[in-house]
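So you can see what is in the structure, the chains are spelled out below.
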Number of protein chains: 2
Amino acid sequence: MSEPTYVIGHRKPDTDTVCAALAYAELKRKRGEENVSTARAGDPNPETQFVLDYWDTEAPTLLEDAAGKQLVLVDHNEYSQTVSGAREAEIVEIVDHHRIGDVETSAPIPFRNEPVGSTATILVDLFDDADATIDAQTAGLLLSGLLSDTVVLRSPTTTERDRTVAERLADTAGVDIEEYGEELLAHKSKLGEKSPREMVLGDFKEFEFGSSRVGIGQVETVEPAVVLDRREAVLDAMDDVVSERGYDALLLLVTDLLKEESTALVAGDETATVEAGLDATFSDRAAFLPGVMSRKKQVVPPLETAFE
Amino acid sequence: MSEPTYVIGHRKPDTDTVCAALAYAELKRKRGEENVSTARAGDPNPETQFVLDYWDTEAPTLLEDAAGKQLVLVDHNEYSQTVSGAREAEIVEIVDHHRIGDVETSAPIPFRNEPVGSTATILVDLFDDADATIDAQTAGLLLSGLLSDTVVLRSPTTTERDRTVAERLADTAGVDIEEYGEELLAHKSKLGEKSPREMVLGDFKEFEFGSSRVGIGQVETVEPAVVLDRREAVLDAMDDVVSERGYDALLLLVTDLLKEESTALVAGDETATVEAGLDATFSDRAAFLPGVMSRKKQVVPPLETAFE
Ligand SMILES: [Mn+2]
Ligand SMILES: [Mn+2]
């Protein structure tokens, strides 16, 4: 059998990225596409591992180097977030819900990007388009991706379509959104067990804004104090990452899921630009961001504008 | 009323790009989106003017400078083909059927790209998704875009979906595909009346392949001799364009619609790279390309690979 086409999510995989890859590979097989594999660009986090166990599903295989392979990207469309070797791979399709990034192709390919709360939400449409049924297990995985990305429908990225789709998936999967969602959030991070470096890099994305390289980590938690009480150690870890990777700025969002607000910590030489972008003032390298829950929707766009 | 959102196609507009802009603006109004205008990034060619007259439709307004405006791009997704000012505009949506280009956005937007024969084909799906009816006039415009881009379903870019959609549109519009298609092709170009420069730049696209800038013009005709008999003058015009615009290579495809083959003329310093890409040998700056009908599918991908 020839080399398969790999359906794969972003580095530092989260639940939406892993579950979207699994579900889309499943749909492709139902549509009669043969030789499709699911892959991941890193290890599942504790929340994702809980989801895989709960729905009795094996994790996708780790793809160490994608060079020369055919890739279907889910949940991302920029090279700073792809598996290594992706620049030397052939990108044959993309399904995503983020900003349009820098991936270019030589030939026309299907690219479906929609401004909804999760890639899982879009996949439900693709199942419907193909008249394919979503079984309970797949519904459970898709629901997990949706609830994880939208913080159980509380994040400002949540759309009406996400809510409708979540209800339908919960129905098929046989779980209650709030109950299951709470279990999911409880696994989101065992923060107390993490090192400061793990706090910074656990859910981390790298961006190129014009000629600036900016890293943005996020800790979503019901106990922000666990991070903020170790602030000096976390800032040291951030400084280390900045000097290792040469970022112009590094931001860590410590997001309080219950109060729906974030505290941002900053490292790098571009604090003034970050302040301009976020319309916030850092004192002792921390700024309070009331109402900010979404890196993608509330932090990336203004920072990109400020850096360009 | 505030500034509208402009639905706009590529520079050097062709029939698909103009009709897609008209039809998508129409659909957006049907979906209840207010304050949507249709624009064009250049003057309609004779074929498009015939289509607009035939279906009793006004041409979109010419947009001279898009800076600061909101744009919905149809039928293109790279800056080398956008209306001027597009880099300073906000791109809020894209519907296309070409390779994925270099347009990036700060926020998530709807981007629907599918490897089918025309943007019109995708729009029919979007009408269906919205449960919106396609009236006879809109069907006529969409059919025109589809038949123009696929050379009346003969180009290798034509998919089964294009054929099915074309039959349905012809039905709604009340025309016969072959008869109407022949009329369309007859207006594609009044080649004999064109200057060599117009032959080169009439249907012209500019690409950035790695660090190289490459222009590719195409004349689709049933009488290739009208161009090839004036070969020296055409090559002179090509040389002029190369020195004015600093291209690394300029290719003119003279495509014989009946024999389904092309003759390529070349200018610029990179003939060896072009030869490698097309797997063809130029003698006296001309190469015969049997079976080549599609710039997008058969010429751009191998050239991009060769230049990178
Ligand atoms: Mn996601
Ligand atoms: Mn087109």
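Residues numbered from 1 in each chain as written. Chains lettered and ligands numbered in written order. Predicted model: local features only at pLDDT ≥ 70, side-chain atom pairs only at ≥ 80, totals over all residues. Heavy atoms only, no water.

Peer 1: I tried to follow the coordination of the manganese ion (ligand 1) on my own but got confused; where do I start?
Peer 2: Residue and element names in this part refer to chain A. Taken together, the protein donors to the manganese ion (ligand 1) comprise Asp16 (OD), Asp75 (OD), His97 (NE2) and Asp149 (OD), at separations of 2.1 to 2.3 Å. Each donor residue of the manganese ion (ligand 1) belongs to the same chain, and together they define the spacing D-x58-D-x21-H-x51-D. Taken as a pair, Asp16 in helix H1 (residues 15-30) and Asp75 in the loop between strand S4 (70-74) and strand S5 (90-96) lie far apart in primary sequence, 59 residues in all. Take Asp75: its relative accessible area is 0%, and that puts it in the buried class. (Donors = N, O, S within 2.8 Å, 3.2 Å for Na, K, Ca; no water. Helix = DSSP H or I, 4+ residues; strand = E, 2+ residues; numbered from the N terminus. Buried < 20%, exposed > 50% of the residue type's maximum accessible area, 1.4 Å probe, protein only.)

Peer 1: Help me understand the interface of chain A and chain B in this model?
Peer 2: A common way to report how large an interface is uses the accessible area buried once the components associate. Contacts between the two partners involve 23 residues from chain A, matched on the other side by 24 residues from chain B. A buried area of about 2100 Å², summed over both sides, lies between chain A and chain B, and 55% of it is on carbon and sulfur atoms. On the chain A side of the contact with chain B, Ile100, Ser106 and Pro108 of chain A bury the most area, a combined 29% of that side's loss. Between the two partners, chain A and chain B, sit two salt bridges. A salt bridge links Glu104 of chain B to Arg99 of chain A; its shortest N-O distance comes to 3.8 Å. Applying the counting criterion to the chain A and chain B interface returns ten residue pairs in polar contact (both at pLDDT 80 or more). Mapped onto the side of chain A that touches chain B, the elements with two or more residues apiece are strand S6 (111-113) and helix H11 (295-307) of chain A. The biggest single contributor to the side of chain A that touches chain B is H11 of chain A, with four residues. Grouping the constituent residues of the side of chain A that touches chain B by class yields ten nonpolar, six polar and seven charged. (Contact = heavy atoms within 4.5 Å. Buried area = accessible area lost by both parts, 1.4 Å probe. Salt bridge = Lys/Arg side-chain N within 4 Å of Asp/Glu carboxyl O. Polar contact = N/O pair within 3.5 Å; in protein donor to acceptor, adjacent residues only side chain to side chain. Nonpolar A, V, L, I, M, F, W, Y, C, P; charged D, E, K, R; others polar.)

Peer 1: For this particular structure, what's the right way to read the sheet that holds strand S9 (residues 249-256) of chain B?
Peer 2: Whether parallel or antiparallel, the strands of a sheet pair through hydrogen bonds between backbone atoms. Residue and element names in this part refer to chain B. Taking strand neighbours across the sheet as the criterion, the five strands line up as S7-S8-S9-S10-S11 in an open arrangement whose pairing is mixed. What marks the edges here is a single partner per strand, and that holds for strand S7 (204-209) and strand S11 (286-290). Sheet twist, expressed as the average angle between the axes of neighbouring strands with direction ignored, equals 25°. Both strand S8 (residues 212-221) and S9 contribute to a ladder of eight bridges, which runs parallel. Looking at S9, one finds that Val219 is bridged to Val254. Each of S7, S8, S9, strand S10 (261-268) and S11 touches helix H9 (residues 231-245); the most contacted strand, S10, lies at about 50° to it. (Pairing = 2+ DSSP bridges. Axes fitted to C-alpha atoms, helices over the stretch in contact; angles between N-to-C directions.)

Peer 1: Looking at this model, I keep getting lost on the domain arrangement of chain A. Mind explaining?
Peer 2: Residues and elements named next belong to chain A. Domain boundaries in chain A define domain 1 (5-187) and domain 2 (191-307). Look at where the C-alpha atoms of domain 1 and domain 2 centre, and you get two points 25 Å apart. Across the contact, 15 residues belong to domain 1 and 17 residues belong to domain 2. The junction of domain 1 with domain 2 conceals about 1500 Å² of combined surface from both sides, 55% of it contributed by carbon and sulfur atoms. When the area that domain 1 buries against domain 2 is broken down by residue, the three leading residues are Lys12, Arg99 and Pro156, summing to 34%. At the junction of domain 1 and domain 2, the tally comes to one salt bridge. Its salt-bridge partner being Arg99, residue Glu304 comes within 3.0 Å of it at the nearest N-O pair. The interface formed by domain 1 and domain 2 holds four residue pairs in polar contact (both at pLDDT 80 or more) in total. When its residues are assigned to classes, the side of domain 1 that touches domain 2 shows four nonpolar, seven polar and four charged. (Domains from an automatic or database assignment.)

Peer 1: Please clarify how the environment of Ala66 of chain A should be interpreted in this entry.
Peer 2: All names here are of chain A. Considering the arrangement of structural elements, one finds Ala66 in the loop between strand S3 (61-62) and S4. The spatial distance from the C-alpha of Ala66 to the C-alpha of Val92 is 13 Å, given a sequence separation of 26 residues. Apart from residues lying up to four places away in sequence, Ala66 is in contact with Leu71, Val83, Ser84, Gly85, Ala86 and Ala89.

Peer 1: What exactly am I supposed to notice about the pairing of strand S2 (residues 36-40) of chain B here?
Peer 2: Note on strand geometry: in a regular strand, side chains alternate between the two faces of the sheet. All names here are of chain B. Within S2, four of the five residues are buried, leaving the element largely enclosed by the surrounding structure. With helix H1 (residues 15-30) bridging strand S1 (residues 5-8) and the parallel S2, this β-α-β connection has right-handed handedness. Examined bridge by bridge, S2 and strand S3 (residues 61-62) share two bridges and lie parallel to one another. From the neighbouring strand, Ala39 faces S3, where its bridge partner is Thr61. In terms of handedness, the path from S2 via helix H2 (residues 46-54) over to S3 forms a crossover that is right-handed. (Right-handed = clockwise from strand over helix to strand, strands pointing away.)

Peer 1: Just checking my understanding: could you explain the sheet that holds strand S4 (residues 70-74) of chain B for this structure?
Peer 2: Reading across the sheet, the twelve strands line up as S3(A)-S2(A)-S1(A)-S4(A)-S5(A)-S6(A)-S6(B)-S5(B)-S4(B)-S1(B)-S2(B)-S3(B) and stay open at both edges, with mixed pairing between neighbours. In this open sheet, the two strands that pair with only one neighbour each are S3 of chain A together with S3 of chain B. Sheet analysis places S1 of chain B next to S4 of chain B, joined by four bridges and oriented parallel. If you follow Thr5 of chain B over to S4 of chain B, its bridge partner there is Gln70 of chain B. Lying on the sheet, H1 of chain A is in contact with strand S1 (5-8), strand S2 (36-40), S4 and S5 of chain A; it crosses S2 of chain A at an angle near 175°. This element, helix H3 (residues 119-129) of chain B, spans S4, strand S5 (90-96) and strand S6 (111-113) of chain B of the sheet and lies at about 105° to S5 of chain B.

Peer 1: In this structure, what is going on with helix H4 (residues 136-149) of chain B? I would like to understand it.
Peer 2: Given 3.6 residues to a turn, an α-helix orients residues that are three or four positions apart in the same direction. All names here are of chain B. When the terminal C-alpha atoms of H4 are compared, their 20 Å separation across 14 residues agrees well with the 20 Å that a helix rising 1.5 Å per residue should span. Counting buried residues along H4, twelve of its 14 residues qualify, which places the element largely inside the surrounding structure. Buried residues of H4: Thr138, Ala139, Gly140, Leu141, Leu142, Leu143, Ser144, Gly145, Leu146, Leu147, Ser148 and Asp149, and no others. Phi for Val151, located one or two positions after H4, is positive at around 50°. (Expected span 1.5 Å × (residues − 1).)

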